[in-house]
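Secondary and tertiary structure notes
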Amino acid sequence: MKSARKAMAMMIPEQQTQNGTPDSRLLSDRLSCLEESIIFHIFSFLGANDTFRLSLLSKKFKELCFNSPYLDFHVNFDSDRQERNYLFYAKNNNELLLHKRYTQFCKYVDNVMRSREKHGTEIVRFSIHWFGKVYSTVGCSIIDSWVKFATRCNVKELDILLDFDGWKNYCLPGTVFGCQSLKSLRLNLLMNSFFLAEEYMVSVQKLVLVSVKLTDKLFGAKISDRWGSLKRLDLVKVRCIYDLIISSSSLEELNLDDCHFGSHYCDWHLTIRSSSLKSVTISRCLFVTLSRISFSCLSLENFTDHGSKFKKFVGFKLFYPKKVELFGPYESDIMKVSASLDIFRIFGSHFENSCSFFISYPSVKQIEISNCKFAEFCQLKIDSSSLLDLTISDCEIVSPERKNFNTDLKRRIVINSETLDTLTLNSFDKYSNEFPLSVVAPNLRTIRWGGDPVDFSFLENFMALEVAAIAIKPSCQHKSRELACCCKHFKSSIYCVAALLQSLNHVKVLKINIWPIEMFFMQNDEVMYFDNLERLILVADDSLVEQVPIIASFLKGLPNLNTLWIRCQNKSHLIGDPNFIDSLGLCGKSFGFVISEDVEKIVIVKLATQAEGSNVNVNSLL
């Protein structure tokens, strides 16, 4: 309605009648100087029923409204709901007035549609929203007749909302399927049943189903075989208990929003095989049963799942198809298409049972799983020769039933990529020690990792690693060393810290909190060497004064260090104290302080680096 008021404001002059309403003659005069195409463009922004209201102003407007290519009619015949926004308003809820409203509305729309067909005037958009179960039986047939008129007027967009008794399966009129001008079809049945006829759809490129119960077991097969021009399929608030299996050479975009999939009595499958599909978005959907979701798409570019809930086991499988015969008679076209999946995202979803992800695309560059909850395990297996960035952050295990765990099906991250450049993992849930990780990435250059040190126990040496940012704390902490040494998990943490530091000994830039370094020197006296390390960023967990001996022990193994950056919780009195450099085991003649605007940063730089004129910008460090 805001857009309608703005559009009408463009046409209404400042002069008005005494009661404040616009003078129709002035309004008509203003429009008469405009081209008809401009007027109709203004009409495209008007709200529902506004063309009817304008037609009452004058004969000029009546003619314009009858010829408008944009027809939007919304009406409510519920006897217990009377609102001023509807086309006809009755103050008293009696059957006589209700029937009068019904008769007037149908007569007007019928006249408009017959006039359009008679004069051969084309329709760009025809929108009919019919609320009210009072006249639902006759409403279906009446709307079907108007839709037939629209198809004979070469309509391009159809928007149908129909509220009727739930016992009926609604079917589209047959003329819709043969309308070669129709490009977009939107159908809203307010959670009533829809059955798709076995007809060929020759032109529709966009299909939107809203609040529909799909009672057709063969819906996917009909879309696959008979809708050869479909490029975009949107399912919004759709209830689908039967499997959805689609094979298409035209579909480019699939959106599932706030849908309800499956039943409690059998497994549910979503299978998409396509040589053209580029984008898949699943938002706030509910999967009530064991679900298997499989995409075999040559041209897929991105996959996103946001805020969905999975009640039972779910298996995601995205793979690059190797057998072109899966797509029927389009082998010559398929051979020309290259894998293009670039981004795979799952965030804000809740898995109330175990889940499994298998991603096998040679082109996938970025994978992100964030803010998800897992009740049991999540198995992630990635097979990609192009993976550059993997991010798993802020995910947690809610309440695992450990007695049901299979040792091969725990939350395992299995990464095998020759090209992985950046790895980001962040998980601080208390069950992280139960689920091992496995990373084989020989060309990994940057790693950002936060979580329990046990997560690092399956890491191998990263020979190409240059930059690492580590922030870890154990899932159990103890106030005394005696209690800590009696805790099995704490003992394993110390072992894992040693493995962690060993896997990072090739880095050039390292950011790490002091806690894991402290854990290492609790059980080890030998020096651990980082021969390539040039810049070190330390984050103090507690009082910096108490951690100075630990830092000094660590710095013994850094022969090529030229910049030390210490981040304190509060301003430290050690800033600028020359004895502080000596207490770290660094030579006071070789290192000096750099003034920083941040009072919680201590920056110590090798003097030779300063003499060479190298400007050290601590804010550019990790």
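Use the structure listed above.
Heads up: these notes are all about the structure in this document. (Residues numbered from 1 in each chain as written. Predicted model: local features only at pLDDT ≥ 70, side-chain atom pairs only at ≥ 80, totals over all residues. Heavy atoms only, no water.)

1. A few points about the overall build of the chain
Helix and strand content of the chain: 16 helices and 36 strands. Taking all 622 residues of the chain together, 52% fall into the buried category. Carbon and sulfur atoms make up 49% of the accessible area of the chain, which amounts to about 29200 Å² in all. (Helix = DSSP H or I, 4+ residues; strand = E, 2+ residues; numbered from the N terminus. Buried < 20%, exposed > 50% of the residue type's maximum accessible area, 1.4 Å probe, protein only. Areas by Shrake-Rupley, 256 points an atom, 1.4 Å probe, with all protein chains shown as cover.)

2. Observations concerning the packing of helix H13 (residues 514-523) against helix H14 (residues 544-555)
As a packed pair, H13 and H14 sit with axes 10 Å apart at the nearest point and diverge in direction by 75°. When the axis of H13 is compared with that of H14, the two are roughly perpendicular. Here Ile514, Ile517, Glu518 and Phe521 of H13 lie close against H14, whose contacting residues are Gln547, Ile550, Ile551, Ser553 and Phe554. (Axes fitted to C-alpha atoms, helices over the stretch in contact; angles between N-to-C directions. Parallel < 35°, antiparallel > 145°, perpendicular 65-115°, else oblique. Contact = heavy atoms within 4.5 Å.)

3. Details of the nonpolar core
Membership of the largest hydrophobic core comes to 151 residues, with the highest contact counts inside it found for Phe126, Trp146, Phe194, Phe295 and Leu536. Apart from the residues within four sequence positions on either side, Phe194 is in contact with Asn169, Tyr170, Leu172, Leu187, Leu189, Leu209, Val212, Lys213, Leu214, Thr215, Asp216 and Phe219. Val509, Ile537, Val603 and Val605 belong to the second largest nonpolar core, which has 5 residues in total. (Core = buried A, V, L, I, M, F, W, Y, C linked by side-chain atoms within 4.5 Å.)

4. A few points about the side chain of Ser127
Relative to the helices and strands, Ser127 resides in strand S2 (residues 125-131). A distance of 3.5 Å separates polar atoms of two side chains, one belonging to Ser127 and the other to His74. Contacts of Ser127, omitting those with residues within four sequence positions, involve Leu71, Asp72, Phe73, His74 and Asp159. (Polar contact = N/O pair within 3.5 Å; in protein donor to acceptor, adjacent residues only side chain to side chain.)

5. Quick notes on the packing of aromatic side chains
Applying the stated rule across the entire model yields 23 aromatic pairs. On the numbers, 4.8 Å between centres and 5° between planes, the contact of Phe310 with Phe351 is stacked. Of this pair, Phe310 sits in strand S17 (residues 309-310) while Phe351 is found in strand S20 (residues 350-351), placing the two residues 41 residues apart along the sequence. You'll find Phe310 and Phe351 in the same group, each marked buried. (Phe/Tyr/Trp six-rings, centres within 6.5 Å; stacked < 30°, edge-to-face > 60°.)

6. Some points on the environment of Ser224
Looking at the secondary structure, you find Ser224 in helix H9 (residues 219-226). Considering only alpha carbons, one finds Ser224 and Ser250, 26 residues apart in sequence, at a separation of 9.3 Å. For Ser224, the contacting residues outside a window of four places in its chain are Ile245, Ile246 and Ser247.

7. Some words on the pairing of strand S12 (residues 268-274)
When you tally the buried positions in S12, you get 5 out of 7 residues, the bulk of the element. In this structure, strand S9 (residues 244-248) lies alongside S12, joined through 5 bridges in parallel fashion. Bridge pairing links Leu244 to Leu270 in S12. When S12 meets strand S15 (residues 291-297), the two strands line up parallel, connected through 7 bridges. Along S15, the bridge assignment pairs Arg273 with Ser296. (Pairing = 2+ DSSP bridges.)

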